[in-house]
Amino acid sequence: MSITEVRNLNKTYPSFKLKDISFDIEEGRIIGFIGRNGAGKTTTIKSMLNLVHPDSGEIRYFGLPLTENETEVKKHIGYSTGTVNWYPRKKLKDIIDVVKKCYDTWDEAAYHKYLAMFGLDENKTALELSEGMKVKVNLLIALSHKAGLLILDEPTSGLDPFSRDELLDLFRELKNHGTSIFFSTHITSDLEKCADDIFYISEGEMVAALPKEAFVARFSEEGETIEETILRMERGKRNA
């Protein structure tokens, strides 16, 4: 079942154009959104959340058009750009006390469940949190207001290899609890480890939106990793 439908999304800047981006996000899937820096990943994600206003196209969540139901839709979506800037000397519990007032769907039991699962100490200040812990706080907030879909822009960027692996393991665990995850990355090894589907964007155009096995069958040459496949395809574009 599709919980997100993106149709013919277009956005033009002076030096870049997003061109007719279309895809579906299925319930209970982990989607890796891959592309080199500047390919259009962040513009697509911000358009999906109405943080950037696309020139044309339609976006629907849970069967509802985003433009007409933004407040209701966003109660069920968690969004993270990776790390965030909070008041550095405020304790996590004080930050959460402010944030939870924004959501009538806030679930205190879920909050404490994921607080323990993520190993977070709510008495720590934002200044004391590692980059990986800040990502987990974003996820904690999203899951505590019952987000069925997480949209994450480069969540593993800047993390050390151990923290990256830990976060990808967490993605798999969340999927088992019914959460869908759409995350952009330029780290192709992340796809090998946890993605069900690969959405590949290049120069503002959607090249593929396929299950991982179908992507490999269609684009990879024998013995290639996904990283090697995408590097070859990108070099081919530049040499064309």
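Anything mentioned here points back to the structure above.
Sequence order sets the numbering: in each chain, residues are counted from 1 along the sequence as written. Since the coordinates come from a predicted model, pLDDT governs what is reported: local features require at least 70, and pairs of side-chain atoms require 80 or more to be given and counted, while whole-chain, interface and lining totals use all residues. As a rule here, side-chain values cover all heavy atoms of the structure and leave hydrogens and water aside.

With respect to the overall build of the protein
- Secondary structure follows DSSP: runs of H or I at least 4 residues long count as helices, runs of E at least 2 residues long count as strands, and numbering of each begins at the N terminus. Tallying secondary structure elements over the protein gives nine helices and ten strands in all.
- For the radius of gyration, the atom set is restricted to C-alpha positions; the globular benchmark scales as 2.2 Å times the number of residues to the power 0.38. Computed over C-alpha atoms, the radius of gyration of the protein comes to 18 Å, within 12% of the 18 Å expected from 2.2 N^0.38 for 240 residues, which places it in the range of a compact globule.
- Once the C-alpha set of the protein is aligned to its principal axes, its extents read approximately 55 × 40 × 35 Å.
- Classification of the 240 residues of the protein by burial places 48% in the buried group.
- Should any heavy atoms of two residues lie within 4.5 Å, those residues are considered in contact. Sequence-distant contacts, at least 24 apart, represent 66% of the contacts inside the protein between residues at least 6 apart.
- By the counting rule applied here, Lys and Arg register as positive and Asp and Glu as negative, while His and the ends of each chain are not counted. Think of each charge as sitting on NZ of Lys, CZ of Arg, CG of Asp or CD of Glu. For the protein, the centre of its 32 positive side-chain charges and the centre of its 39 negative side-chain charges are spaced 4 Å apart. To sort residues, take the accessible area from a 1.4 Å probe on protein chains only and compare it with the maximum for the residue type: under 20% means buried, over 50% means exposed, and anything in between is partly exposed.

Here we look at helix H8 (residues 212–219)
- Of the positions making up H8, those classed as buried are Lys212, Phe215 and Phe219. The buried residues of H8 occupy an angular sector of 60 degrees when projected down its axis, which confines them to one face. Of the residues in H8, the exposed ones pointing more than 90 degrees away from the buried face are Glu213, Ala217 and Arg218. By definition, the arc is the one covered by directions from the helix axis to the C-beta atoms.

Brief notes about the environment of Ser220
- Looking at where Ser220 falls in the secondary structure, it is placed in the loop between H8 and helix H9 (226–239).
- According to the relative accessible area criterion, Ser220 is buried, its value standing at 17%.
- The contacts of Ser220, once residues within four sequence positions are left out, are Phe215, Thr229 and Arg232.
- Throughout this description, a polar contact denotes any pair of N or O atoms lying within 3.5 Å of each other; where both atoms belong to protein, one of them has to be capable of donating a hydrogen while the other can accept it, and for residues adjacent in sequence the pair is counted only when both atoms sit in side chains. A distance of 2.7 Å separates polar atoms of two side chains, one belonging to Ser220 and the other to Thr229.

Structural notes on the pattern of salt bridges
- Here, a salt bridge means any Lys or Arg side-chain nitrogen found within 4 Å of an Asp or Glu carboxyl oxygen. Evaluated as defined, the whole model comprises 19 salt bridges.
- Among the ionic pairs, Asp24 bridges to Arg7, the shortest N-O distance being 2.7 Å. One end of the pair, Asp24, is in strand S2 (residues 16–26); the other, Arg7, is in strand S1 (residues 2–13), and 17 residues separate them in sequence.
- Relative accessible area serves as the criterion here: at 25%, Asp24 is assigned to the partly exposed category.
- The network of salt bridges with shared partners includes Glu5, Arg7 and Asp24.

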